[in-house]
Each structure stands twice: as structure tokens, then as C-alpha cells.
Amino acid sequence: MMKKALTLTPCALLIGMMFAAGCGGSNSDPSVSMGQPSGSPAEFTYSRQINDNGIFYEPYGVFVDSAGNIYVADTLNHRIQKFGAAGNFLLTFGLPVGSAQAMLTPWGVCVDSTGNLYVTDNAGGSVKKFDSQGTCLMEFTDNGSRLSSPSGVALDGAGSLYVTGSTWVKKFSATGALLLSFGSSGSGDGQLSSPEGIYVDRGGNIYVADSKNDRICIFDSAGTFIAKFGTFGRGDGQFYTPTDVALDAGGNIYVCDMNNNRICRFDPQRAFVMSFGKLGGTDGAFSFPSGLCLDSTGNIYAADTGNNRIQKFDGSGTFQSRIGGTFDSFLDTFGVGADSSGSCYLVSTERNHVQKFDSSGNYVAALGGPGPQPGRFNAPAGIFVDASDNILVADGGNHRVQKLDSSGNFLITFGSSGSGDGQFSSPCGVYADSTGNIFVTDRINDRVQKFSSQGAFLLKFGATGTGSGQFIAPRGITGDALGDIYVTDGNGIQKFDSSGNFLLKFSVTSSDSASPMGIAADGSGNVCVSFAGATSATGNRISMFDSGGTCLGDIASYGAGNGQVLLPKYLCIRNDMLYVSDDHRIGIFARQAGRSECPKEAR
């Protein structure tokens, strides 16, 4: 694992390209400027959600407060999660992106005696202070300038804050004033190379995990170098990228030895005592652990970064329990689908698989995996479960569509990279009508293609442009009971007959620049549409339209609460339930009694 090599995920790139391709700004056609409709349709109401609370994506930091509460820097999920002493989830904060509490890559975390949290935002270049409920109170900077790769964070007994960065340690007052800075680039005494974890003992001595110098350095309270221990290697007392350090009540020193996949213990005189851990995914093993802390009774908590979990050990290194590590987070999710039994399917674009949950929201399995082989994926996007419960996946990076059975067994694939009939360039959305015909939004080629149930090319419609029947990066697609097809793209929302003849363009007026993403027909002649990418984010929502394009109102507005949405992406309606792929959760809305789906009408 290479720490601090931060890149945009394929999902982030995909969403960004969609918004950039005419999805977030004004249009030349004033009838399709995206915005906030009015009203409040009563057809669907909030029912429940499947979320990823308690699930991590490369957690780097962990801290336990005096009450035993556990705080985790869930780094690549851009958030902090808090748990009770028994590992029960309590709260999460850090989202949405762009808010005062947002963090790009939360790294280190510590808590003061009043319950305030301090979190280093490594990529954001700052330290943020939060109250116990996750409200951002202030930000620590270097006299107004961004900090260079802040990593570790610790408090002393007087409430002063210590932070490590690229080659330095800085000390701040409780009000954010810079009091002290020491360290320089190098390997000599007092010099540092990518220092990470930091700990301040009762006497004010400062312990620093000098990661690239493979050692622990000790400074006095004035920043004067005192001692060091450790050299590069895999033997006792040696380190291979130490990333955190902590002391117990007796002065024993614990070091998170990341690339050796172990925790090392030293006595107060810095003599090696023991180590525990090995590379692996079983209980007690590690995959590049990054963070470390001890509770008041001497239990050890380790952020097992590569295994996406927190492990707890007693003072002798015996495994006790863990949090996380069960299934993937929902950070990079995109398409959502449901089958006739109520099982839910969620596309994980970066992880290149489809997560399956049963009707109660319990995780069942991950289908697929990365690769070009049949049944495997490369940046998949849209998903649709047909009437036979077969799963259709728009396998965007492999430029094809794949059909799997409900257990994930491969059935067929069709498509290849290109612009010819039956070829794709980043297919994004997929839909199958009641006869089994398959419609695919061919995003880069700005068109929709129609195939038989076995993948034989039938027809295509659309071309690049902003006119009626033309597309700018089409993505969402659905069909109604009459066989008409609805497509979302950078032009807005358009309706076609089953042969691809243009019928109408929906009219939505406002100025928040929200762009239509997912779309699903409700079986009663209406369609639900997710809007995302609004200038202020508050325009992100789910709206309902009738088949003539008139907005009936909103089903869900922007927010983190139940029945709200943060960044809604794709939608699915099945069994009188509306499923929404949202940030870190699947929102589920139920159709109200007496408003069941209508049977298919004759055209």
C-alpha cells in the first residue's frame, strides 16, 4: 500500500465527466435548464435505508476517549465514524463534500477532555476541530496558509495541539495560534522524513513516527531532539515504515510497523519486548496497518487499513474483537436494481463488482470482480434486473453489457469498443422492456442502442447535439408501460417511442444547475428522476414527472436525514418500492397504499 498516493476514483471521474459534458451548466434550450420543481407528490414515502455505517474504506486513524468511545478516520470515505465501547455505531460526520465539516482525506484523530475532536485533513492541508456531534468549530492552519500534508495529531495535558506534516512538527494553542515548529528534511538527529503518528507523554516529551526514516524520534517539550530508536528491517526492534506510536500508563511504547504488518512493543527504556501480527485478513493479522491507540485499561486498537477494519487486542497482543471488514463501503456506488424477491443490487464502480443485499438489507455477496473476462467488470455503471431476475450490467470500462443470473453466474455479453452498430464507448445506463429487448445509453457516442434479449443489435437513435432527439452524454434510461423510452442526458430528459422516434422534451425551469441522473418509470404513467450536481448541492433531489413532462413535485429533497438525499445517482422501481443510490446508502421509498402499478396498457 502506498500511502498518500491519492487519486480520483473511477466513479468520481465518471460523475465528473458527466457533469462536465453539459450536465451541470446552462443549456441553449431554455426549456431544459435544470432546477428545483415545486409541489410534493404523495405516491412514494420514505421507508428505510441500507447504509454503510460501520464500514470503512482504508481507515488511517483511530482514537479511544476516556469513556471508551472509538473514533475512526475513515479516510477514503471522507468521514469520521464514532462507535461505543462495544463497537456499536453512534454517528458519522464529514459529509457532504463542500460543507464546512467536509474533509478530503481525514488522517489522524484525537479527542480532548470535553469531547471535541481534532482531525488532520491530509489532502486538505488543515486540522479541523469538531464538537461531539460533528459540527465544525474551527480550522488550524499555518498562519492562514495550508499545512503541508498534515498527518498525525495529539494533545498534551494543557490542551495544546501537536501536528506532524511532511518534514515538521507544529504546536498550536487551543485557539489556533502557532506556538512552535521544529524539524527539517533529512535523516540526521532532529530531522524528519514524512513523520506520521505523534504522541505526547505526561512529561511533555514528544514521540514521532518518522516513517520514511524507519525510526521513532523523541523530542522534549521545546522541540529539542532527545533520542531515537529503530532502524530499517524486519527483525526485532526494526521497522519498515512506522506510522504511529502510543504509550501506555506504564510508559511502554507501542509502534504501528505498517509494512511489516505488525505492532511492536518496547519498554520505557526503548528495549524491544515483543511484536504481534502478520500479513493476512484473518483475525489478528494485518494488511498495512496505519493507526494505533490504547484505551485506559491498556487495550490496543489498530487501524487495519488494507482490511478496512479496526482490530482490538489486549495488552499482550491477543485478538479481542473488530469493527468493519464485512463488505464494501458505498462511496463509489452508481447503479441500483432490485429483483422480484426484494433483493437489492448495488454497482460498486471502483471495486468492479455488484453488491447484493436481501430484502431485509443484509449483505449477501459481491458479484463479479475486476477484469475483462466474462462475468468480471471494469468501471461498471448502470444495472437493471429484468422480469426473469437476470442482471444486466453496463460494463463501462470494458465497453460492453453483461447479463448474469440472480446468483451472479455469467450468461451472455455483447458489445465491444467502438462507434459502429453494436459497439460502445463507455455504456452507462441499461434497461430491458417487458419483451426482453435491451436499451443501452452509449455515453461517449451520444446515442441509445436497442438489442434483442440475446444481445443482437436492432437499432440506434440519437446523435451529438442539443436539439430534440440529440444527446450530450446520455446516462439514465427507463421505459413505461406503453413501451416509451425516457433518457437523461446533458440536454435534460427526453422521451422516445420504442423505435427511437423523438416524442418530447421535459420542461424544468430554475437556475441551480442540477442535472438529471437516474430515471425510473413507476408503472402508473409517471417517472421519477434524480437530480445531482447542483451549484449549492441543495438542489440535489428526486422529482416526479407525469408522462407529458410536467413536474408533479419532489419525493426527496437535499439533506442527510431519513427521506432526504445527498448525491442521488441511479434509481430503480420494483415491487412498489423506489430504490435510490445515494452517498453511503441506498434510500428505499414505498408506494402508498392504493397507488399500485397499473397493468400494461394497449398502445
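Residues numbered from 1 in each chain as written. Predicted model: local features only at pLDDT ≥ 70, side-chain atom pairs only at ≥ 80, totals over all residues. Heavy atoms only, no water.

Focus: the overall build of the chain
When its secondary structure is counted, the chain shows 1 helix and 48 strands. Burial status across the chain gives 58% buried among its 603 residues. For the chain, restricting intrachain contacts to residue pairs at least 6 apart in sequence, the fraction spanning at least 24 positions comes to 47%. Taken as a whole, the chain presents about 21,200 Å² of accessible surface, with 48% of it coming from carbon and sulfur. (Helix = DSSP H or I, 4+ residues; strand = E, 2+ residues; numbered from the N terminus. Buried < 20%, exposed > 50% of the residue type's maximum accessible area, 1.4 Å probe, protein only. Contact = heavy atoms within 4.5 Å. Areas by Shrake-Rupley, 256 points an atom, 1.4 Å probe, with all protein chains shown as cover.)

Looking at the sheet that holds strand β47 (residues 577-582)
Here 4 strands make up an open sheet; going across it, the order is β1-β48-β47-β46 and the pairing antiparallel. Edge positions in the sheet fall to β1 (44-51) and β46 (571-574), since each has one partner strand and no second. If you compare each strand with its neighbour and ignore which way they point, the axes differ by 20° on average. Across 4 bridges, β46 lies against β47 in antiparallel orientation. Each residue of the ladder has a partner; that of R574, found in β47, is M577. (Pairing = 2+ DSSP bridges. Axes fitted to C-alpha atoms, helices over the stretch in contact; angles between N-to-C directions.)

Structural notes on the environment of D489
By secondary structure assignment, the location of D489 is in strand β39 (residues 485-489). Sequence spacing of D489 and T441 is 48 residues, and the spatial spacing of their C-alpha atoms is 9.4 Å. Discounting residues that sit within four places of it in the chain, D489 has contacts with Q470, F471, I472, A473, P474, R475, Q494 and P516.

Describing unusual backbone geometry
Peptide bonds are trans in most cases, and residues, glycine excluded, mostly fall at negative phi. Non-glycine residue T241 carries a positive phi angle of around 65°. Mapped onto the fold, T241 is located in the loop between β17 (225-229) and β18 (242-247). Residues other than glycine seldom take positive phi values, yet H399 does so here, at roughly 55°. Looking at where H399 falls in the secondary structure, it is placed in the loop between β31 (391-395) and β32 (400-404).

A short note on the confidence of the model for the chain
Across the chain, the average pLDDT comes to 89, with 89% of residues at 70 or higher. In this model residues 1-39 is a low-confidence stretch, pLDDT under 50, and it forms 109 contacts with partners more than four residues away in sequence or in other chains. For residues 596-603, every residue scores under 50 in pLDDT, and the model assigns this stretch 22 contacts once sequence neighbours within four places are set aside. (pLDDT = per-residue confidence, 0-100.)

Concerning the side chain of K403
Examined against the element boundaries, K403 turns out to sit in strand β32. Buried charged residue K403 carries no salt bridge. Nearest counter-charge: D386, at 4.4 Å. Engagement of the side chain of K403 in a polar contact is seen with the backbone oxygen of S453, the distance being 2.9 Å. Beyond its immediate sequence surroundings of up to four residues, K403 is in contact with D386, N390, I391, L392, N409, F410, L411, I412, S453 and Q454. (Lys, Arg positive; Asp, Glu negative; His and termini not counted. Salt bridge = Lys/Arg side-chain N within 4 Å of Asp/Glu carboxyl O. Polar contact = N/O pair within 3.5 Å; in protein donor to acceptor, adjacent residues only side chain to side chain.)

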